[in-house]
Every structure is written in C-alpha cells, then in structure tokens.
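Given next are the chains, with one letter for each unit.
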Amino acid sequence: MAYLEGLMIDYPLDVGAIWRRTERYFPGKAVVSNLPDRTIHRSTYGEVLDRAARLGAALIELGVEPGDRIATVMWNSYHHLELYFAIPSIGAVLHTVNLRLHPQDLSYIFNHADDQIVFVDRTVLPLIAPIRDRIPAREIVVVDEGEPAPPGFLSYQDLVQSGSRARFQFRIEDERQAAALCYTSGTTGRPKGVLYSHRSTVLHALGVTNAEGGLGLVESDIVSPMVPMFHVNGWGLPWSASLQGASQVLPGRHLDPTSLLELFQSERVTITAGVPTVWFGILKLLDEAPERYDVSSLRYMLVGGAAVPASVLRGFWERHRVRMIHAWGMTETSPLGSVSTARSDLADADEETRFATILTQGQATPLVEMRIRDDEGRELPWDGTSQGELEVRGPWVARSYYRDEAAVDRFTDDGWFRTGDLVTLDSRGYMTIQDRSKDVIKSGGEWISSVALENAIMGHPSVMEAAVIGMPDPRWVERPLAVVVLKPGETLTLEAVREFLRPHFASWWLPDRLEVVEAIPHSAAGKFQKTELRRLLLGTAERRS
Ligand code: ADP
C-alpha cells in the first residue's frame, strides 16, 4: 500500500553521535582507572577521546579496513574506553574477549572472529602469549602505561603517540554497520558471536539511561561498572555514561570486595553494577565492619546476570541503606531486557509486597517486547502461573548469530529471539525466571557448559554415562555436580574426575561434587531428564536459589 513518507532527517545512529556529544559537552568530566599496581589514574573524556582519535588514525595507518574485527582482552580501564570509541569509529568491529575462558575456547573465538589485531593488558599477556601461534591476528598490542613491549609485540602507548589526530576520520557508512562483537557461552555447543550494530548500540545506550524501565543514569552520576567491559559491552554502561556525561570509575582487575568498597568510597561512586557473587562478598564485608566503609554516595547498585537472593537485597537495604536494582538481560539483548522497580501503583504497598516485586526480573525495558510460548509454540497468558519460554524482540536484540547457521532455531520465523529462559509473566508484566531450557550452568556470572563436561567425563575409562547439573551454591549461585554411572567393578572419586578434566577446562569449570548412581533417568527421546535428576539429587526441580 502506498504511504506518505515522513520528512525527517535520516540522522545516523552511530557511535560518532555519542563521541561528538561527549567531546562537546563533557570534555572535563572524569575517567578514573585503578591501574594494576593500584595507582589511581585520572583522565577526562576530552583526553580519552583525543587519544581515541590518535589510536583510530594509527589503526588506519596499520591497514585496518572497515569491517575488520579487532579484539580486546582487557579489564576495565581508560585504555579500554579509548578502544571502545576508536575501533567502531573507524568502521572496524570492537570484539571484547572474555579473559576468563580456557585457552582452547579463546583460540576458537579468535579464529572464528578472525581478529586482525588483538589488544591485551600486560597482566593478561601470560594467557595470550602461549597461544600466540593459534591467534590469526597480524599484530598483538600490549596495553600498559608505556613500558617497552616484549619482542614481537606492539606497545599501546607507542601506537597512541604515533597517531595523528588530523588523520583521524569517522568511517561509519551506515548505522546498521557492525560496531561490536561479543561471544556468549550461554548456549549449548560452541560459543556464539553476537554482532551489535551502531544503531543497536546507540539505541541501547539511550535505553539504559531511560528513567522509566531503564537505569535513570544522569550527568551527575559517577558510574563504576564492576561488570567487566568484556561482558556484553560492560552492560552498556560505558556508552551510556559517556552519552550522559557521567563520570566513570573503572576498577581494573581489582574486583575483590575491599578494593571495590575503597574505590566506591574514595571516588564517591553513585552507580555500580555486577553479578550476585560480587555482591555477596561486598555485603559480607560491610556486615563485618559496618563502620569501615562509607557507602552513602551510592544511589543504587545494579545486579543482574543471575537472580539476586532476597536476603542480599534486604541485607543491603535494611542494614546499610543501599538500594539494589535487579535487571535481566543477555548477550543477545545488548544486554538490557528488563528492570525491576516498584512502580507508582505500589506506592502504598507494604514493604513485603515491594520486596517481592523488586525480586522478580521486572518489566521489559521500553522498546523491548516479551511473550511466552509453550513447547508447541502456543502463546501463554500473563497470569503469573503459566510457564513457558521467554521470547523477546526489540531494536537491540540479535536476529542471528555471527557466522553460525546451526543456531537458527533460536530465532523464530516471525522475528523474535528465543531466550532459553523459562519464565512466568504476571498480569502487570513482571517476569520471573523459573528455570532454563538451555543446558548450561552459571557460576559467578560465567557460563559452564554441562554438555562439554559430560562429553569429557564420558571419556573416562571407568565411566559408562555422565550428566552434569547445576547445584545451588551460596557464593557462586550455581556449581557443577557430576552424576555418573560406572562401568561394572569400577570406582571413582571426585578428585580423579577433576584431575581427568583439568587439562581441558578452566579450573572454575571443574565439578564440585560427584554422585555415583545406578542409572540416569532418560526421556523417551533418549535425552537426560535433568529436571528429574535435580529433583532426585537436590530435592528441587528448579534452579532458583
Ligand atoms: P549477562 O552477562 O547479561 O548475564 P549472558 O548472556 O551471559 O548475559 O547471560 C544471560 C542469561 O543469564 C539469561 O538468559 C538468564 O538465564 C541469566 N540471567 C541474566 N539476568 C538474570 C537475572 N536477573 N535473574 C536470573 N537469571 C538471569
């Protein structure tokens, strides 16, 4: 049907728009970094962007072409923020790599992404140097304060110095062009790449700043993302803070509770964000020494990545008067998908009702839509009891994985993304995660693949069959529990299983418990019935802690 076209400027939603605003309006605002040697480095947006421009020019000089993937294996620091701006602005793709992964997964990801250049923190070099020959990149750049780079590597500070601001140019042709890439291990099988566009990045940055259904981030805020910048764009906070001109306080690799509380106190941080495991440690420390730290500057602490237990949310509020905001999201959703806040209709509700509401995963962020469907694809009512798979769509939700045709079943024919989270939605739209259909375990905010562990354990000479399930853990939220059926006459200990797996997996992947059973329940289709296993061994059919 013919329609009358609107007559507005097709203003490109790209990272350049954030850059120009930040530089114009907030050049003097602070970017503070806790360096590896615990020196506090003070910079400003003006300096960060000046260096980002030099870096961009230097990368063009190095032959970087639009669309090239450039990896960062780095903690949160001013350098990382410079790369957040420099790489997408010259049309290349900022590929943030999770430095907690096992070298095998790392080399898979570098090769799948085909990264041309890799930036690596000097403190992380021992992880990368041994697999140098398995990384396709032309150059590896060592990021530090300017110490000479080891032979065969480039120096970050030299690169910045070599770039001329006059030679820098934005090379973004289209807002739909890729800006960033992040791999998720939160699915069965190999890690999958989520390729963010400039448009999705800018819209998500706005969504995060939104006061209603977002995080209400404003210019006067001092934002300290504890969540690493390699986790889903630091949950979008580096972009949102820059756009709003809020100061940033970047904790580097010092993520222990003492260092974080000292940083929040000395820098008067107003917003911080992290996974439940980090909060458990911080709450414990505050409880032990309530007088030692001043947390009065905190407006709120964002928690996501796993469900926050009621005791933690209450503990912070009742004993330390610090508010938590609970959010849900995924790598595939940039990540912000929903935020849990008590709306005005709860203004007169008692505290119990308000807590119960905040503990849910919340209502969808504006521009994100939700629905739930059962196994047959029937849409389910929002009645608080019907449980089905959550599907979402929106301008910052993935429509496919990067170079991975096998995973098409995660995307519906009518344009929704299947999250693998099994949820209920109540009549007001508050979503509660009840379980997961994806066969993965989330430990301390990081994914562990049950299937990869099972396959490996089944290679043990004493084992006939093995299943791995997540068991609740007070510190890590979930930990792997290996369930095995032994071959006749064989015995097996947990230590033996761990030793057998150790060469192939990161140490935090190794199971914490072993159960030897007579048989593992199977479905008619021959799959493990993990819900049944959890019920039998843990006394619960659900994963909620
Ligand atoms: P993120 O770093 O945002 O957690 P991931 O892609 O690693 O992103 O993980 C997304 C998954 O983590 C979700 O599908 C869900 O299973 C789980 N998750 C995220 N936030 C929450 C939450 N608030 N409560 C419970 N589970 C959550």
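Each remark here, short or long, concerns the structure printed above.
Residues numbered from 1 in each chain as written. Predicted model: local features only at pLDDT ≥ 70, side-chain atom pairs only at ≥ 80, totals over all residues. Heavy atoms only, no water.

### Structural notes on the overall build of the protein
Helix and strand counts for the protein come out as 16 helices and 25 strands. Against the globule reference of 24 Å for 545 residues, the protein gives a C-alpha radius of gyration of 24 Å, in line with a compact fold. With respect to the principal axes defined by its C-alpha atoms, the protein has extents near 70 × 65 × 60 Å. Going through the 545 residues of the protein one by one, you find that 59% of them count as buried. Taking all contacts inside the protein whose residues are at least 6 apart in sequence as the whole, residues at least 24 apart take part in 67%. Looking at the protein as shown, the accessible area adds up to about 22600 Å², and 51% of this sits on carbon and sulfur atoms. A gap of 1 Å separates the mean positions of the 56 positive and 71 negative side-chain charges of the protein. (Helix = DSSP H or I, 4+ residues; strand = E, 2+ residues; numbered from the N terminus. Rg over C-alpha atoms; globule rule 2.2 N^0.38 Å. Buried < 20%, exposed > 50% of the residue type's maximum accessible area, 1.4 Å probe, protein only. Contact = heavy atoms within 4.5 Å. Areas by Shrake-Rupley, 256 points an atom, 1.4 Å probe, with all protein chains shown as cover. Lys, Arg positive; Asp, Glu negative; His and termini not counted. Charge placed at Lys NZ, Arg CZ, Asp CG, Glu CD.)

### Focus on the sheet that holds strand 17 (residues 369-373)
Spatially, the four strands line up as an open sheet ordered 17-18-19-20, and their pairing is antiparallel. The open sheet terminates on both sides in strands that have one partner only, identified here as strand 17 and strand 20 (431-436). Going from strand to strand, the sheet's axes swing by 50° on average, the running direction of each strand aside. Across five bridges, the pairing between strand 17 and strand 18 (residues 388-393) is antiparallel. (Pairing = 2+ DSSP bridges. Axes fitted to C-alpha atoms, helices over the stretch in contact; angles between N-to-C directions.)

### Some remarks on the side chain of Thr 201
Its location among the elements puts Thr 201 in helix 7 (residues 198-209). Beyond its immediate sequence surroundings of up to four residues, Thr 201 is in contact with Val 15, Ala 179, Tyr 196 and Trp 239.

### Focus: the sheet that holds strand 13 (residues 300-303)
With mixed pairing, the nine strands of this open sheet are ordered in space as 2-1-11-10-12-13-14-15-16. Because the sheet does not close on itself, it has two edges, and the strands there are strand 2 (40-44) and strand 16 (363-364). Bridging between strand 15 (residues 336-340) and strand 16 involves two bridges; their strand directions are antiparallel. What sits directly across from Ser 338, in strand 16, is Ala 364.

### Quick notes on the packing of aromatic side chains
The relation between two aromatic rings is expressed through the spacing of the ring centres and the mutual angle of the planes. Under the counting rule described, the total for this entry stands at 14 aromatic pairs. Relative to Trp 239, the ring of Phe 85 has its centre 5.1 Å away and its plane inclined at 75°; by these criteria the two rings are edge-to-face. Taken together, the residues span a long stretch of sequence, with Phe 85 in helix 3 (residues 78-89) and Trp 239 in helix 9 (residues 237-244) at a distance of 154 residues. For Trp 239, a relative accessible area of 6% translates into the label buried. An aromatic cluster is built from Trp 19, Tyr 84, Phe 85, Phe 168, Phe 170 and Trp 239, whose rings are joined through pairwise contacts. Of note, Arg 20 hangs over the ring of Phe 170, and the distance from its end group to the ring centre comes to 5.5 Å. (Phe/Tyr/Trp six-rings, centres within 6.5 Å; stacked < 30°, edge-to-face > 60°. Lys NZ or Arg CZ within 6 Å of the ring centre and 35° of its normal.)

### Some details on the site of the ligand
Taken together, the neighbourhood of the ligand is formed by 20 residues, with Ala 327, Thr 331, Asp 421, Lys 438 and Lys 442 sitting nearest. Within the side chain of Trp 235, a nitrogen or oxygen atom sits 3.5 Å from an oxygen atom of the ligand. Here Thr 331 contributes a side-chain N or O atom positioned 2.7 Å from an oxygen atom of the ligand. Burial of the ligand by the protein amounts to 95% of the accessible area it has alone, namely 550 Å². Put simply, the parts of the chain that give the shell around the ligand at least two residues each are helix 8 (232-235), strand 14 (324-329) and strand 20. It is strand 14 that contributes the most residues to the shell around the ligand, four residues altogether. Along the lines of polarity and charge, the residues of the shell around the ligand split into 10 nonpolar, six polar and four charged. (Near = heavy atom within 4 Å. Polar contact = N/O pair within 3.5 Å; in protein donor to acceptor, adjacent residues only side chain to side chain. Nonpolar A, V, L, I, M, F, W, Y, C, P; charged D, E, K, R; others polar.)

### Quick word on the nonpolar core
One finds Leu 59, Phe 85 and Phe 119 to be the most contacted residues of the largest nonpolar core, which totals 85 residues. It is helix 2 (residues 45-61) that provides the largest number of residues to this core, a total of nine residues. Those residues in contact with Phe 119, other than ones at most four positions away along the chain, are Leu 59, Ile 70, Ala 71, Thr 72, Val 73, Met 74, Leu 83, Val 141, Val 143, Tyr 156 and Leu 159. (Core = buried A, V, L, I, M, F, W, Y, C linked by side-chain atoms within 4.5 Å.)

### Here's the deal with the pattern of salt bridges
On inspection of all chains with the given rule, the structure shows 38 salt bridges. Here Glu 23 makes a salt bridge to Arg 165, at a shortest N to O gap of 3.0 Å. You can see Glu 23 sitting in helix 1 (residues 15-25) and its partner Arg 165 sitting in the loop between helix 6 (156-162) and strand 8 (178-184), a full 142 residues away along the chain. For Arg 122, the salt bridge is made with Glu 147, and the minimal N-O distance between the two is 3.8 Å. Residue Arg 122 is located in the loop between strand 5 (117-121) and helix 5 (125-128), and its partner Glu 147 is located in the loop between strand 6 (139-143) and strand 7 (154-155); the two are separated by 25 residues in the primary sequence. For Arg 122, a relative accessible area of 29% corresponds to the partly exposed category. Taking the relative accessible area as the measure of exposure, Glu 147 reaches 38% and is therefore partly exposed. (Salt bridge = Lys/Arg side-chain N within 4 Å of Asp/Glu carboxyl O.)

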